[in-house]
Amino acid sequence: MRIGFGAGIAAVVLSACTGPQDSPNGAQPTPAATTATATTAIPAPTSAPPAKPVPAKVTEAACASATKATLEAAVKADKDLSGALIIDSKGLQRVKCVGPWAFAHFTNEIDGGGILFNHRNGTWIAQGGGTGELCEKVPVAIAKKICS
């Protein structure tokens, strides 16, 4: 009998390794617990801190002084720029100004273009002119208003 008894124990031990078994009291087997997968939230990219706003009185005064005559004088003061641009007798046209930035268009017999200005220390300074991208240095919100 010993041999039969040992074989029975081996069968019980082996059957325990083959999967879920009916419990001896007739209860349903409990499903295996699922493992929760931890997720890591990816933080949103942070933007650069906003630039300090220019006081309203300064921007109003700057734009008030962005006249055709003042901006044409700024072009003439820049010998390299004034020598490179051909501006017809109409001079600067469609002047737009926001904050310390101004933009004016000009015409000539070929195609015309634009000139970008920056107001610094009470003076308008021509930053560049022609037909290319001139407003790359200008904050996007201001460029949308003046560089078209």
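## Some details on the overall build of the protein chain
A count of helices and strands for the protein chain gives five helices and four strands. Starting at the N terminus, the α and β elements of the protein chain follow one another as α-α-α-α-β-β-β-β-α. Per-residue burial over the protein chain gives 24% buried out of 148 residues. A separation of at least 24 residues holds for 39% of the contacts in the protein chain among residues at least 6 apart in sequence.

## With respect to the confidence of the model for the protein chain
For the protein chain, per-residue confidence averages 75 on the pLDDT scale, and 60% of positions sit at 70 or higher. Counting interchain partners and residues more than four positions distant, the pLDDT-below-50 stretch residues 32-55 has two contacts.

## Points about the sheet that holds strand S2 (residues 101-106)
Spatial ordering of the open sheet is given by S1-S2-S3-S4, a layout of four strands whose pairing is antiparallel. Of all the strands in the sheet, the pair left with one neighbour each is strand S1 (93-98) and strand S4 (123-130). Each strand axis lies, on average, 20 degrees off the axis of its neighbour in the sheet, ignoring direction. Direction of pairing for S2 relative to strand S3 (residues 113-120): antiparallel, over a ladder of six bridges. Residue pairing for S3: Ala 104 is matched across the bridge by Ile 115.

## A short note on the state of the cysteines
This structure, assessed with the given rule, holds two disulfides. Covalent S-S linkage joins Cys 63 and Cys 97, the inter-sulfur distance amounting to 2.1 Å. Between Cys 63 and Cys 97, the S-S dihedral sits near -80 degrees, and the bridge is therefore left-handed. Here Cys 63 is found in helix H2 (residues 56-64), whereas its partner Cys 97 is found in strand S1, with 34 residues between them in sequence. Look at Cys 63 and you get partly exposed, because its relative accessible area is 24%. The exposure class assigned to Cys 97 is partly exposed, which follows from its relative accessible area of 21%. Between the sulfur of Cys 135 and that of Cys 147 lies a disulfide, 1.8 Å long from S to S. Handedness here is read from the sign of the S-S torsion; for Cys 135 and Cys 147, about -90 degrees, the answer is left-handed.

## Things to note about the nonpolar core
By size, the foremost hydrophobic cluster in this structure holds 15 residues, and its most contacted members are Leu 71, Leu 92, Ala 102, Ile 115, Phe 117 and Trp 124. Residues Phe 103, Leu 116, Leu 134 and Val 138 belong to the second largest nonpolar core, which totals nine residues.

## Quick notes on the side chain of His 105
Take His 105: it is sitting in strand S2. Here the side chain of His 105 touches Ser 148 through a polar contact of 2.9 Å, landing on its backbone oxygen. The residues touching His 105, leaving out its near neighbours within four places in the chain, are Gly 91, Leu 92, Gln 93, Arg 94, Gly 113, Gly 114 and Ser 148.

## What about the environment of Lys 145?
Checked against the element boundaries, Lys 145 lands in helix H5 (residues 140-146). Taking the C-alpha atoms as reference points, Lys 145 and Ala 102, separated by 43 residues in sequence, lie 9.9 Å from one another. Sequence-distant contacts of Lys 145, that is, excluding residues within four places in its chain, are made with Lys 96 and Val 98.

Calculation notes
Residues numbered from 1 in each chain as written. Predicted model: local features only at pLDDT ≥ 70, side-chain atom pairs only at ≥ 80, totals over all residues. Heavy atoms only, no water. Helix = DSSP H or I, 4+ residues; strand = E, 2+ residues; numbered from the N terminus. Buried < 20%, exposed > 50% of the residue type's maximum accessible area, 1.4 Å probe, protein only. Contact = heavy atoms within 4.5 Å. pLDDT = per-residue confidence, 0-100. Pairing = 2+ DSSP bridges. Axes fitted to C-alpha atoms, helices over the stretch in contact; angles between N-to-C directions. Disulfide = S-S within 2.5 Å. Core = buried A, V, L, I, M, F, W, Y, C linked by side-chain atoms within 4.5 Å. Polar contact = N/O pair within 3.5 Å; in protein donor to acceptor, adjacent residues only side chain to side chain.

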